[in-house]
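So you can see what is in the structure, the chains are spelled out below.
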Amino acid sequence: MSGNPDDDRLEKLRQEKMEKLQEQAQGQGGQQDEAAQEAAREQAEAQQDALLKQYLTDGARQRLNAVEMSKPDFAEKVKQQLVALAQSGRIQDRIDEDQMKDLLRELQPDSKSFNIRRR
């Protein structure tokens, strides 16, 4: 530089402005990534719901919804299993309520029972 104090100040201001603009651009990129992830998650949920509606009868869907109200994690596991079965072509007909009961029993984690005896 020419050594002029005004030129030095201008250069410093330009540098600060560039840094600010870069930070803003990075912040917007992060928001866009989050929005894209959210959209992808919503699309996956919509596809899952469509498959479940296609392969489950009303009674089976009601039973799954009841399970979801009490045990959301277990219901999510069941939904994923149903989607995997549907996508692999292993579901021939629609699943009715009795078949849903059987599936829930199979996927239910083994519960441990404790016998307490008093002496």
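The shown structure was predicted, so the numbers you read here are calculated from the model rather than taken from an experiment.

Parameters and conventions
Residues numbered from 1 in each chain as written. Predicted model: local features only at pLDDT ≥ 70, side-chain atom pairs only at ≥ 80, totals over all residues. Heavy atoms only, no water. Domains from an automatic or database assignment. Buried area = accessible area lost by both parts, 1.4 Å probe. Salt bridge = Lys/Arg side-chain N within 4 Å of Asp/Glu carboxyl O. Helix = DSSP H or I, 4+ residues; strand = E, 2+ residues; numbered from the N terminus. Buried < 20%, exposed > 50% of the residue type's maximum accessible area, 1.4 Å probe, protein only. 1 Å grid on protein atoms, 1.4 Å probe; cavity = no way out; pocket = protein on both sides within 12 Å on 5 of 7 lines; lining within 4 Å. Points joined across faces, edges and corners; volume = space filled by probe spheres on them. Nonpolar A, V, L, I, M, F, W, Y, C, P; charged D, E, K, R; others polar.

Colleague: Even after reading the chapter, I still don't get the domain arrangement of the protein, so can you show me in this structure?
Modeller: Many descriptions give the size of an interface as the accessible area lost when the pieces come together. By domain assignment, the protein separates into domain 1 (10-54) and domain 2 (55-106). A separation of 34 Å is found between the C-alpha centroids of domain 1 and domain 2. Both faces combined, the contact of domain 1 with domain 2 buries some 760 Å², and carbon together with sulfur accounts for 60% of it. Ranking the residues of domain 1 by area buried against domain 2 places Q48, L51 and L52 at the top, with a combined share of 69%. Applying the counting criterion to the domain 1 and domain 2 interface returns 0 salt bridges.

Colleague: Could you clarify how one ought to interpret the environment of L21 in this entry?
Modeller: Here L21 is to be found in helix α1 (residues 5-55). Note on L21: relative accessible area 42%, which makes it partly exposed. Spatially, the C-alpha atoms of L21 and E106 are 56 Å apart, while their sequence positions differ by 85 residues.

Colleague: Just to check I follow, could you spell out the layout of surface pockets for this structure?
Modeller: The rolling of a water-molecule-sized probe over the atoms marks out the regions of remaining empty space. In this structure, the largest pocket spans a volume of roughly 240 Å³. Every residue lining the largest pocket is listed: L85, R90, I91, Q92, D93, R94, I95, Q99, D102, L103 and E106. With 4 residues, helix α4 (residues 97-107) is the largest single contributor of residues to the lining of the largest pocket. The class makeup of the residues in the lining of the largest pocket is 4 nonpolar, 2 polar and 5 charged.

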